[in-house]
Amino acid sequence: MKLPKLLVLAAGCAIPAPPALASPPCPSASEAAQLPAPTLEQKIWVATRIYDTVGKYFAHWEALPVDYDFDRQYKSYIAEAVASKTRLEFDLATMKLFGSLGNGHTRFFDTRLMCGPMMPFLAQRLQGKWVVVRSAHKGLEPGDTIMTIDNVPFGQWVDTKLPYVRGSNLTGSESTLFFRATVWPVRFTLRTQDGHEVRIDRDNPEAEPPRGLPTPPGGTRVSMGDGQIPRIEIPSFVRPENERAAVDAIRAHASAPAMLLDLRGNGGGATPMDLVHALLEHPIRDMLDATPLRIGTIEAWQKAGMTDYDALSHAMLRTGGQMIQPDNPIYHGRVYLLVDRYCASACEDFVTYMRIAHRAKILGETTEGTTGQPYRVDFPDLGMNLIVSTRREYFPDFTPFEGIGVKPDVEIPITPEMLKGGQDTVLAQAETIIRNDLH
């Protein structure tokens, strides 16, 4: 059985926290930008813990360019961090160091600066253009194409910000940008393709009900779709009750010929093994894992110039691949999974099990492609924390998972035209596929 995984997702990284001290009031975006930087002693403590933790536990060196030099990145970071005058400058320097590692489960967080409102819109690169896919801001509509931000071409501006949020692949990095408000200006103006200008003030957001891509529900929700096929929406696996409710819904509809599990926007949590066993009908081989293996004597020999041991630099211990046995499955009909680019971590664990078992037809978009049992370090006096991925996963046939994700059996791409109608066209297409399969 998998160990629980911490939630790291494009939707902002809600991760389980230790008991918290009394939190100060959440600052406005303007106030947050003016908060003083940590003291020199605090900066040193954070920096040393970063260097130690990454060196010990980071599991994804093989994914980095051959000329990547963490020490060089770290030295540049030290110069920026020590010189920082504000908390925001310190955070951005630290985020850029973590971004250089290019892993969706290796991140830095500042709860003091992340407590404010989320960005009021979400955009994706569609057909070579930046298109609004969800909006809660007056005057900015799903399907609008963003041309500029403060008179700078929007794609060019995005490219300058990706180093702060880089994850395991480009799609995941671009998604994360819209859930890291601290990277954005406090106030900015967007110009759309039709020449319309939209002013966004993070201090005073013009909030409206969100439009466009559906937002995940607050908890697991069951509805009867077209043709009386149960649709089970599971927003995340952070709260155990979401998984329990999903299993209960499967049991309640055990006689249905098919069911749709809607996992769009599910950023993960704890690997839902009860849900897996509710559907698993035959044994499957688990994913393969690799985690850092540090041997002091060998590292000392390497430092002494004994090149015979260079091949053991960043040595990894490979585990996993054991058989997972069925355990009284409760449903034997057809299973369909509706996924998107925001399905990450434990959500992807579930999807990979269903793919390995050939138990479900997967519809939608390729999942985010990130998992990794993060090692967490907290700085409670600062309200900051960091996580470093300790595990790199591979499919049972040794093909890589990280940065790749799970490709759907049937792709349902989002288009600007779909977004303008105000309907969940992706869901409608998924239900059509199910209906055609059953007839």
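Please read all numbers here as calculations on a predicted model, not as lab measurements.

**Student:** How should I be thinking about the environment of Gly-212 in this particular structure?
**Tutor:** Within the secondary structure layout, Gly-212 lies in strand β8 (residues 207–212). Taking relative accessible area as the criterion, Gly-212 reaches 37% and is therefore assigned partly exposed. In the structure, Gly-212 is positioned 108 residues away from Gly-320 in sequence and 40 Å away in space, judged by C-alpha atoms. In this structure Gly-212 touches Val-133, Arg-134 and Pro-142, once residues within four positions along its chain are discounted.

**Student:** Got a minute to help me understand the state of the cysteines in this structure?
**Tutor:** Simply put, disulfide is the name for a covalent bond between the sulfur atoms of two cysteines. One pass over the full model with this rule turns up two disulfides. Disulfide partner of Cys-343: Cys-347, at an S-S distance of 2.1 Å. With the S-S dihedral at roughly -105°, the linkage between Cys-343 and Cys-347 falls on the left-handed side. Both residues of the pair, Cys-343 and Cys-347, belong to the buried class. Each bonded cysteine of the chain is numbered by sequence order, and under that numbering the disulfide pairs are 1-2, 3-4.

**Student:** What is the right way to read the sheet that holds strand β1 (residues 107–110) from this model?
**Tutor:** Strand-to-strand pairing in sheets goes through backbone hydrogen bonds, with the strands running parallel or antiparallel. Pairing in this open sheet of three strands is antiparallel, and the strands run β1-β19-β18 from one edge to the other. In this open sheet, the two strands that pair with only one neighbour each are β1 and β18 (374–379). Between one strand and the next, the sheet's axes are offset by a mean angle of 15°, whatever the strand orientation. Contacts from helix α2 (residues 40–57) reach β18 and β19 (384–389), with the element oriented near 170° to β18.

**Student:** Explain the sheet that holds strand β20 (residues 392–394) here, please?
**Tutor:** A sheet is described by the order of its strands in space; here three strands give the open sequence β14-β13-β20, paired in antiparallel fashion. The sheet is open, and its two borders are formed by β14 (316–320) and β20, each paired with just one other strand. Neighbouring strand axes in the sheet, compared pairwise and without regard to direction, differ in orientation by 25° on average. One ladder, built from three bridges, connects strand β13 (residues 288–292) with β20; its direction is antiparallel. Paired with Leu-288 across the bridge in β20 is Tyr-394.

**Student:** I tried to follow unusual backbone geometry on my own but got confused; where do I start?
**Tutor:** Where the residue is not glycine, phi is negative for most of them; where a peptide bond is considered, it is trans in most cases. In this structure, His-358 takes a positive phi of about 55° despite not being glycine. Looking at the secondary structure, you find His-358 in the loop between α10 (346–356) and β17 (360–364). Phi is positive for Gln-373, which is not a glycine, with a value near 40°. Within the secondary structure, Gln-373 is located in the loop between β17 and β18.

**Student:** Hey, could you run me through the packing of α2 against helix α4 (residues 87–99) in this one?
**Tutor:** Put simply, α2 and α4 touch, their axes get as near as 12 Å, and they point 10° apart. The orientation of α2 relative to α4 falls into the category roughly parallel. Side by side, α2 and α4 meet where Lys-43, Val-46 and Ile-50 of the first sit next to Phe-90, Thr-94, Leu-97 and Phe-98 of the second. Tallied by class, residues from the contact of α2 with α4 come to five nonpolar, one polar and one charged.

**Student:** Would you take a moment to explain the confidence of the model for the chain for this structure?
**Tutor:** Regions with low pLDDT should not have their predicted coordinates read in detail. Of all residues in the chain, 93% have pLDDT values of 70 or greater, and the mean over the chain is 92. Long-range and interchain partners of residues 3–20, a stretch whose pLDDT sits below 50, account for 62 contacts in this model, where long-range means more than four residues apart.

**Student:** Honestly, helix α7 (residues 240–252) in this entry has me stumped. Any pointers?
**Tutor:** Two residues of an α-helix separated by three or four positions point the same way, owing to the 3.6 residues in each turn. The first and last C-alpha atoms of α7 sit 18 Å apart over 13 residues, in line with the 18 Å expected at 1.5 Å per residue. The set of residues buried in α7 consists of Asn-242, Glu-243, Ala-246, Val-247, Ala-249 and Ile-250. All buried residues of α7 lie within an arc of 160° about the axis, which places them on one face of the element. Against the buried residues of α7 lie β9 (221–224), β10 (230–233), β11 (258–262) and α8 (273–279).

**Student:** I keep staring at a nonpolar patch on the surface and nothing clicks. Help me out?
**Tutor:** Together, Leu-40, Ile-44 and Val-82 line one region of the surface with nonpolar side chains, adding up to about 260 Å² of accessible area. When you line up the elements, Leu-40 lands in helix α2. You can call Leu-40 partly exposed: its relative accessible area is 45%.

**Student:** Any chance you could explain α2 here in plain terms?
**Tutor:** The terminal C-alpha atoms of α2 lie 26 Å apart, and with 18 residues this matches the ideal 26 Å at 1.5 Å per residue to within 8%. Within the sequence span of α2, burial applies to Lys-43, Val-46, Ala-47, Arg-49, Ile-50, Thr-53 and Val-54. When α2 is viewed along its axis, its buried side chains cluster within an angular range of 165° and face the same direction. In α2, the exposed positions angled more than 90 degrees off the buried face are occupied by Glu-41 and Trp-45.

Here is what the cut-offs are and how they apply
- Residues numbered from 1 in each chain as written.
- Predicted model: local features only at pLDDT ≥ 70, side-chain atom pairs only at ≥ 80, totals over all residues.
- Heavy atoms only, no water.
- Helix = DSSP H or I, 4+ residues; strand = E, 2+ residues; numbered from the N terminus.
- Buried < 20%, exposed > 50% of the residue type's maximum accessible area, 1.4 Å probe, protein only.
- Contact = heavy atoms within 4.5 Å.
- Disulfide = S-S within 2.5 Å.
- Pairing = 2+ DSSP bridges.
- Axes fitted to C-alpha atoms, helices over the stretch in contact; angles between N-to-C directions.
- Parallel < 35°, antiparallel > 145°, perpendicular 65-115°, else oblique.
- Nonpolar A, V, L, I, M, F, W, Y, C, P; charged D, E, K, R; others polar.
- pLDDT = per-residue confidence, 0-100.
- Expected span 1.5 Å × (residues − 1).
- Arc of directions from axis to C-beta.
- Patch = residues over 30% accessible without salt bridge, like charges linked within 9 Å, V, L, I, M, F, W, Y side chains within 5 Å.
- Areas by Shrake-Rupley, 256 points an atom, 1.4 Å probe, with all protein chains shown as cover.
- Salt bridge = Lys/Arg side-chain N within 4 Å of Asp/Glu carboxyl O.

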